[in-house]
Amino acid sequence: MGNIIGGGIFLLPAAVAPYGTVSLLAFAVLTVGAIALALVFGGLARRDPRTGGPYVYARAAFGDFAGFLSAWSFWTMAWVSNAGLAFVGVGYIDVLIDGEMSKGVKLAVALLVVWLPALANLAGTRWVGVVQLISTILKFVPLLFVAVVGLFFFDADNLGSFNESGGSALGGLSASAALLLYSYVGVESAAMSAGEVRDPERNVGRASVLGTIGAAVVYLLGTLAVFGTVAHDDLVNSSAPFSDAVNAMFGGTWGGTLIAAAAVISILGALNGWTLMSAQAPYAAAKDGLFPEFFAVKRRGVPTTGVLVGAVLASLLTIVNYSSASDRVFEVLVLITTFSATVPYLLASGAQLYFLLAGRGAEVRTGRFVWDTALALTGFGFSFWLVAGAGYAAVYQGSLFLFAGVLVYAWLAARRKSAAAAAERAAEPATAPAAGSAAPASDASAELADSVS
């Protein structure tokens, strides 16, 4: 739940407001798909409870290249998402200090937001767990407060029209869902760290489903409350919609400041968990030779090199974002994250289908063939729909990140083949004595034959 409820929910009501109230329907549909995916990951974790989640399942079903694409895409999604979370965090810190920071100060704060969770991760998994537990409680309570109390201040006049996009309602539904998926990225978190969990066959599935349902309740009620308390035109231009909602309910700025503090805590907690996630996928792949070897370095239960590399890349992307003149940075990052997330989701759902249809249903869930097949198809269709709804720009940009990995895979595959060939050549002399030992016997036989003759 700590990974699912990140910083996105604190800004997404404003991001989807331009599409109208159709985005509320998109949230409901999205919730069904997210729960289906959570059930798929829980079922796959029972079959193979190793660290790596979607990567492990894709590689087991479809081979090394599919596993690599899953790990690469998840890794890309994680550190791009971290840059997006840092961007959202700066917006809420602006609210806390009640003043507009300069672009240089915003960049410094964003980098600090990226690196504080990275340092917590380097301290070990115990510290990651402590930070995650505290931050989840501190952010869940105020969100639930807005979600419940906001319904008593609900005013239908604040709602925009059903479809504000100017296009078809289905197009608006898909486009808003692509943005909203950012809120549910993290349903695979428990499966990603299955190797570090007690009784993963049981606990990974329960954590995935219950965490998704808990997040869904807060998301749906919270977004509805914001839509009903903040006027639509104001919401479209809001940089802190939950703060604006509390201020609209009670007046003044104290409530908004409280929500802003909860948002900052939430973002730091989510970054704490996602920093670990950004290191787990390459760690699992590196152990199988499908990622550079240095990603397999692990200390105090944490893949330290992966943490550092992810933080550096997120920092570079943050610098690029604040150097850009565009005012749609968050939306671009969300859409890239959405596309990158769908790749491991599609492969994991496909792996579930493969195990079932290939007569290996017992490896997924014995005696539940129809149910598991329906879930896998729902998860696959849901992820496929999200790719379509992300739009051409997101698919284009996400594909650039994805296919850049092909060069890395080609290099690693060539290295593995060269190493295997070298190992074979090194093993050849070991067989030579056995072959040569027969020679003296043959010579002796010849000498004996000569003497006899």
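Scroll up to find the structure this text is about.
Treat the numbers as computed from the prediction; the structure is a model and nothing was measured. (Residues numbered from 1 in each chain as written. Predicted model: local features only at pLDDT ≥ 70, side-chain atom pairs only at ≥ 80, totals over all residues. Heavy atoms only, no water.)

Digging into the overall build of the protein
Part 1: Within the protein, the regular secondary structure consists of 17 helices and 0 strands.
Part 2: Scored against the burial criterion, the 453 residues of the protein give a buried share of 52%.
Part 3: Across the protein, contacts joining residues at least 24 apart in sequence account for 82% of those joining residues at least 6 apart.
Part 4: When the accessible area of the protein is evaluated, it comes to approximately 18800 Å², of which 68% is carbon and sulfur surface. (Helix = DSSP H or I, 4+ residues; strand = E, 2+ residues; numbered from the N terminus. Buried < 20%, exposed > 50% of the residue type's maximum accessible area, 1.4 Å probe, protein only. Contact = heavy atoms within 4.5 Å. Areas by Shrake-Rupley, 256 points an atom, 1.4 Å probe, with all protein chains shown as cover.)

Concerning the nonpolar core
Part 1: Ranked by size, the top nonpolar core spans 121 residues in total, and within it Tyr 57, Tyr 92, Tyr 184, Phe 242, Trp 274 and Phe 291 carry the most contacts.
Part 2: For this core, the element with the highest residue contribution is helix H4 (residues 64-97), accounting for 18 residues.
Part 3: Contacts of Phe 242, omitting those with residues within four sequence positions, involve Ile 9, Phe 10, Pro 13, Tyr 92, Leu 143, Val 146, Gly 222, Val 226 and Ile 259. (Core = buried A, V, L, I, M, F, W, Y, C linked by side-chain atoms within 4.5 Å.)

So, a negative patch on the surface
Part 1: Together, Glu 164, Asp 233, Asp 234 and Asp 244 make up a negatively charged patch on the protein surface.
Part 2: Mapped onto the elements of the fold, Asp 244 is located in helix H11 (residues 241-250). (Patch = residues over 30% accessible without salt bridge, like charges linked within 9 Å, V, L, I, M, F, W, Y side chains within 5 Å. Salt bridge = Lys/Arg side-chain N within 4 Å of Asp/Glu carboxyl O. Lys, Arg positive; Asp, Glu negative; His and termini not counted. Charge placed at Lys NZ, Arg CZ, Asp CG, Glu CD.)

A word on the side chain of Ser 340
Part 1: Mapping Ser 340 onto the fold places it in helix H14 (residues 329-357).
Part 2: Each residue touching Ser 340, except ones within four places of it in the same chain, is listed here: Ser 73, Thr 76 and Met 77.

Comments concerning the environment of Tyr 283
Part 1: Of note, Tyr 283 is situated in helix H12 (residues 254-287).
Part 2: Separated by 19 residues in sequence, Tyr 283 and Val 302 have C-alpha atoms that sit 9.4 Å apart.
Part 3: If near-sequence neighbours (up to four positions away) are discounted, Tyr 283 is found in contact with Thr 51, Phe 295, Ala 296, Lys 298 and Pro 303.

Let's talk about the pattern of salt bridges
Part 1: This model, assessed by the stated rule, comprises 6 salt bridges.
Part 2: With a closest N to O distance of 3.3 Å, Arg 59 and Asp 288 form a salt bridge. One end of the pair, Arg 59, is in helix H3 (residues 54-62); the other, Asp 288, is in the loop between H12 and helix H13 (304-323), and 229 residues separate them in sequence.
Part 3: On the basis of relative accessible area, Arg 59 is assigned to the partly exposed category, the value being 25%.
Part 4: Here Arg 415 and Glu 293 are joined by a salt bridge, their closest N and O atoms 3.8 Å apart.

So, the packing of aromatic side chains
Part 1: Inspection of the entire model under this criterion finds 20 aromatic pairs.
Part 2: One aromatic cluster in this structure is built from Phe 65, Phe 68, Trp 72, Trp 75, Trp 79, Phe 291, Phe 294, Phe 295, Phe 401 and Tyr 409. (Phe/Tyr/Trp six-rings, centres within 6.5 Å; stacked < 30°, edge-to-face > 60°.)

Let's talk about H11
Part 1: Looking at H11, one finds that the buried residues are Pro 241, Phe 242, Ser 243, Ala 245, Val 246 and Met 249.
Part 2: Backbone geometry just after H11 places Gly 251 at a positive phi near 80 degrees.

Some thoughts on a nonpolar patch on the surface
Part 1: Where nonpolar side chains cluster on the molecular surface, the patch consists of Leu 144, Phe 145, Val 148, Leu 151, Phe 152, Phe 153, Phe 154, Phe 250, Trp 254 and Leu 258 and spans about 970 Å² of accessible area.
Part 2: Counting residues per element, the ones that place at least two in the nonpolar patch are helix H6 (125-149) and H12.
Part 3: Counting residues per element, the nonpolar patch draws most heavily on H6, which supplies 3 residues.
Part 4: Relative to the helices and strands, Val 148 resides in helix H6.
Part 5: What makes Val 148 partly exposed here is its relative accessible area of 39%.

Brief notes about the environment of Ala 194
Part 1: Of note, Ala 194 is situated in the loop between helix H8 (189-192) and helix H9 (200-229).
Part 2: Judged by relative accessible area, which is 1%, Ala 194 ranks as buried.
Part 3: Considered as a pair, Ala 194 and Ala 45 are 149 residues apart in the sequence and their alpha carbons are 7.2 Å apart.
Part 4: Look past the residues within four positions of Ala 194 in its chain and what remains in contact with it is Pro 49, Arg 50, Thr 51, Pro 200 and Val 204.

So, the packing of H9 against H11
Part 1: Interaxial distance between H9 and H11 falls to 9 Å at its minimum, and their mutual angle equals 55 degrees. Regarding the angle of H9 to H11, the classification is oblique. Of the two possible hands of crossing, H9 and H11 adopt the one that is left-handed. Note on element contacts: H11 touches H9 through Pro 241, Phe 242, Ala 245, Ala 248 and Met 249, opposite Gly 222, Val 226 and Thr 229.
Part 2: Residues of the contact of H9 with H11, tallied by class, amount to 6 nonpolar, 2 polar and no charged. (Axes fitted to C-alpha atoms, helices over the stretch in contact; angles between N-to-C directions. Parallel < 35°, antiparallel > 145°, perpendicular 65-115°, else oblique. Left-handed = near helix turned anticlockwise from the far one by under 90°. Nonpolar A, V, L, I, M, F, W, Y, C, P; charged D, E, K, R; others polar.)

Some thoughts on the environment of Ile 267
Part 1: Its place among the elements puts Ile 267 in helix H12.
Part 2: On a C-alpha basis, the gap between Ile 267 and Lys 139 in space is 9.1 Å, while along the polypeptide they are 128 residues apart.

Read these as geometric descriptors, not functional statements.
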